[in-house]
Amino acid sequence: MLKNYFKTAFRNLWKHKAFSFINLTGLAVGMTACFLIYLYVNFELSYDAFHSKASRIYRVVSDIKTPTETINAGGPSWAVPPHAKTDFPEIEAAVRVAGGDNVLIRKGSIKFQEENAMWADPDFFRVFDFKLLKGDPKTALKEPFSVVFSESAAKKYFGKENPIGQTLLLTGDALPAKVTGIMQDMPENSQIKGDVVLSMVTITQKFNAGLDDQWGNYGSSAYFLLAPGTNAKALEKKFPAFLEKRNGTEMKQLQMYPTIFLEPLRDVYLRSTRDGNKSGNIHNVYIFASIAAFILLIACINFINLTTARSTERAKEVGIRKVVGALKNQLAKQFIGESVILCLIAFVLTVGLSALLLPLFNQLSGKTISHGIFEHPQYLVQLFFASIVIGFLAGIYPAIVLSSFKSITVLKGRFATGTKGTILRKGLVIAQFTISIALIIGTIIVYSQMRFMRNQDLGFSKDQLIVIDTFGDSTKKVFRDAIGSIPGVKSTAMSSSVPGGGNPGAYSQIENKKGDLQIANLDLYFVDFDYIDQFKIKILAGRGFSRDFQTDTTQAMILNEAAMKLFGYTSPEQAVGKRFKQWGREGKIIGIMKDFHFRSLQTVIKPLSMRIEPNGCNLVSAKLSPANLPGTISAIENKWKMVLPNRPFSYFFMDEFFDKQYRGEERFGRLFLNFSILAIFISCLGLLGLASYSTMQRTKEIGIRKVMGASVSNIVNLLSRDFLKLVLISFLIAAPISWYFMYKWLQEFAYRTPIGWWVFLMAGIAAAVVALLTVSFQAIKAAITNPVKSLRSE
């Protein structure tokens, strides 16, 4: 019996090659897209799942309430973790993790500015499952000046030597540090990433003694490992009393009241909204999962449509089988079996296509989701069984329809397809094109937002600017002066931060409209006298920093418009001359600058202050002439080697650095576009199949119309009109649905493009043109056929 089913299935596939090709192509492409998206979604959801204690690890975050705002901080103050560990038995371990700030590490003549370095508390390897290949996880970070390297980082310095116990030099001060461990490279799906882990006690005991007791200083991430059975929410409720007991007096004095929350480790990457933790996005994961389901649905709709459309061709086969004794359930099994066989062939094609496209997909997603589809065989097993399920679900309706034919009616030649089948097929085509048009609209809006962000007036100039980090080297001013004499360098400036980079927040007191000193946390840039001119930031009232005023170095501050409004002023002129206190400095507001985007357009422009502080300016920015750019950069590098010979030279272009913030959105846009094209392609395959079958069914009608004088355009119009009506209905359904969901997506951006009517017009025209071209191919072919051929059998 099974052998007969297989033989019949393959015979039908071979007999109807065109329809088999359309079905197989649609299923294979749909399953490939769905499988690749499944790998992506599964990878995103797997972040930090490799930690065996992940369910008990929580990131510690803070909401800091001030008289003017609530600051959503990505960590607690430095003092919270060690003291909370002491006060709460529910906390099994507490770990602080701080960025390494581009640590310089030297071993003999080998030197690297380690961008992926971090400082961590001794329990780091107890809390997290970063496997140590060499060294003791309990003691690796216990002593000051201890360093743990990843495998790949260790090879840079030691090659094949055993690094354990060897000494290197840290920072520009050449402080000796000992290698105490070698760990496996951190997994790609870890939100904590680093190649070098240095002991936190180096900072808290040697660099900044007393940091463990600083309740108002925020600068690190922190994680608690809770004891088994601990209720995180119940523990959160105990933190207010803990803060009041430990730091109540200082909180009242500073008028800064923190509230501590615990975020589950598994939620940090995808669900956290804290600054600096937006690399993942659970909404994008949901969007791609939906696209995968829609693409698969479109492929299944193709199969159902084409199979039921061809029902008349198999009617006699069903009638004869029933006459010779075949039961309805046996016929249903046969047709479902054919569907499953088709899907299993598509499975084989999917495996091949996925293996071929995975490297490109990794590149598009910006992640190494997998090194090969055979790396995780369980996914292929899941795909195999999914293919069987898809074959069953896609084949069950056609099987019911075909096996229900009455043998007497069929064999007498009185069989005709019913209106129910036609209505269903039209409904499925509408569903296909509704999805396709919605994806076209979504793609246009995504790319409009990307273009909007790239072309938005940022309020500063970023063209032809390179930025060099001196890492606080004592010769930074000498270097800045040295490159200023290079012919291709138009101007230079120094600062602590540049737009798109990080900057500190400073506890500040600014005189408000009532004349009182109002407390606020302001973003802070340390700059020199040339910074504002260098970046072409506009001064709205007052003046910029000037060497003509000696007090500018110690008693002057410039605010942006957002800060001005925070303190109640309605015009820039009102704020000029007002008092300020900030980090031990007092003075007057000398100017108000126009708001500029110093962070991504996803966030609103925040209150910003600028002060002259030479010691805090580690970044040198240089405006270059476009002529002989490589030669100018080479000359700058030569100056670097003369002034800072112990540090490797590196730089970045300001425009590329700022645009780097949108790489995640750009990758999302590219993936969205590619999968939308696939969905449209599969829809068009189904439309092509239906158009082919409709044309074949009306061959004699077309022949008669041509004999009666119908032109090619009349025939094309006749065959295309019905399909275009379906596309129009699809558009009317898709437009409001896509508007709603894309409006929600745009709310994630503080500055966003409007959804114009032209988006829907363009999507509708595109869908109509694609559908028309698809249908017209068959319509024109039928229209130019000699009518004698189609009428010969009559």
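Reading the values: rules and limits
- Residues numbered from 1 in each chain as written.
- Predicted model: local features only at pLDDT ≥ 70, side-chain atom pairs only at ≥ 80, totals over all residues.
- Heavy atoms only, no water.
- Helix = DSSP H or I, 4+ residues; strand = E, 2+ residues; numbered from the N terminus.
- Buried < 20%, exposed > 50% of the residue type's maximum accessible area, 1.4 Å probe, protein only.
- Contact = heavy atoms within 4.5 Å.
- Expected span 1.5 Å × (residues − 1).
- Arc of directions from axis to C-beta.
- Patch = residues over 30% accessible without salt bridge, like charges linked within 9 Å, V, L, I, M, F, W, Y side chains within 5 Å.
- Areas by Shrake-Rupley, 256 points an atom, 1.4 Å probe, with all protein chains shown as cover.
- Salt bridge = Lys/Arg side-chain N within 4 Å of Asp/Glu carboxyl O.
- Axes fitted to C-alpha atoms, helices over the stretch in contact; angles between N-to-C directions.
- Parallel < 35°, antiparallel > 145°, perpendicular 65-115°, else oblique.
- Left-handed = near helix turned anticlockwise from the far one by under 90°.
- Nonpolar A, V, L, I, M, F, W, Y, C, P; charged D, E, K, R; others polar.

### Some points on the overall build of the protein chain
In terms of regular secondary structure, the protein chain is built from 27 helices and 24 strands. Taking all 794 residues of the protein chain together, the buried fraction comes to 52%. Sequence-distant contacts in the protein chain: of pairs separated by 6 or more residues, those separated by 24 or more amount to 80%.

### Notes on the environment of Tyr 379
Residue placement: Tyr 379 occurs in helix α13 (residues 377-403). Separated by 344 residues in sequence, Tyr 379 and Phe 35 have C-alpha atoms that sit 8.8 Å apart. Excluding anything up to four places from it in sequence, Tyr 379 contacts Phe 35, Tyr 38, Leu 39 and Asn 42.

### Structural notes on helix α21 (residues 629-643)
With 15 residues, α21 should cover 21 Å at 1.5 Å per step; its first-to-last C-alpha distance of 21 Å lies within 8% of that length. For α21, the complete set of buried residues consists of Thr 632, Ile 633, Ile 636, Trp 640 and Val 643. Here the buried residues of α21 occupy an arc of 95° about the axis, which is enough to place them on one side. Exposed positions of α21 whose direction lies more than 90 degrees from the buried face are Pro 630, Lys 641 and Met 642. Structurally, α21 contributes buried residues whose contacts are with β14 (465-469), α16 (476-483), β15 (489-495), β23 (619-624) and β24 (652-653).

### Side note on a nonpolar patch on the surface
Where nonpolar side chains cluster on the molecular surface, the patch consists of Ile 729, Ile 733, Ile 737, Trp 739, Tyr 740, Phe 741 and Tyr 743 and spans about 670 Å² of accessible area. Examined against the element boundaries, Tyr 743 turns out to sit in helix α25 (residues 712-746). On the basis of relative accessible area, Tyr 743 is assigned to the partly exposed category, the value being 38%.

### Comments concerning unusual backbone geometry
Phi angles above zero are rare outside glycine, and Asp 48 is one such case at about 65°. Among the structural elements, Asp 48 can be located in the loop between α2 (17-45) and β1 (57-65). Classification of Asp 48 as buried rests on a relative accessible area of 1%. In this model, Trp 583 sits at a positive phi of 50°, which is unusual for a non-glycine residue. Relative to the elements of secondary structure, Trp 583 occurs in the loop between β20 (579-582) and β21 (585-593). Under the relative-accessibility criterion, Trp 583 is labelled partly exposed at 45%.

### Description of the side chain of Glu 613
Position of Glu 613 relative to the elements: it lies in the loop between β22 (608-612) and β23. Assessed through its relative accessible area of 13%, Glu 613 is described here as buried.

### Overview of the packing of helix α3 (residues 80-87) against helix α8 (residues 239-254)
One can describe the packing of α3 onto α8 by two numbers: an axis separation of 12 Å at closest approach and a directional angle of 115°. Between α3 and α8, the angle falls in the class roughly perpendicular. For the pair α3 and α8, the sense of crossing is right-handed. Touching Val 80, His 83, Ala 84, Thr 86 and Asp 87 of α3 are Phe 242, Leu 243, Lys 245 and Arg 246, all from α8. When its residues are assigned to classes, the contact of α3 with α8 shows four nonpolar, two polar and three charged.

### Digging into the pattern of salt bridges
On inspection of all chains with the given rule, the structure shows 28 salt bridges. A salt bridge links Lys 238 to Glu 90; the shortest N-O distance between them is 2.5 Å. With Lys 238 in the loop between α7 (232-236) and α8 and Glu 90 in the loop between α3 and β3 (91-99), the pair connects residues that are 148 residues apart, well separated along the chain. A residue is classified by how much of its surface remains accessible, and Lys 238, at 40% relative accessible area, is partly exposed. Its salt-bridge partner being Asp 473, residue Arg 647 comes within 3.7 Å of it at the nearest N-O pair. Within this pair, whereas Arg 647 is found in the loop between α21 and β24, its partner Asp 473 is found in the loop between β14 and α16, the two being separated by 174 residues in sequence. As far as burial versus exposure is concerned, Arg 647 and Asp 473 are alike and both buried. Beyond isolated ion pairs, a larger network of salt bridges with shared partners links Arg 56, Glu 92, Asp 123 and Arg 126.

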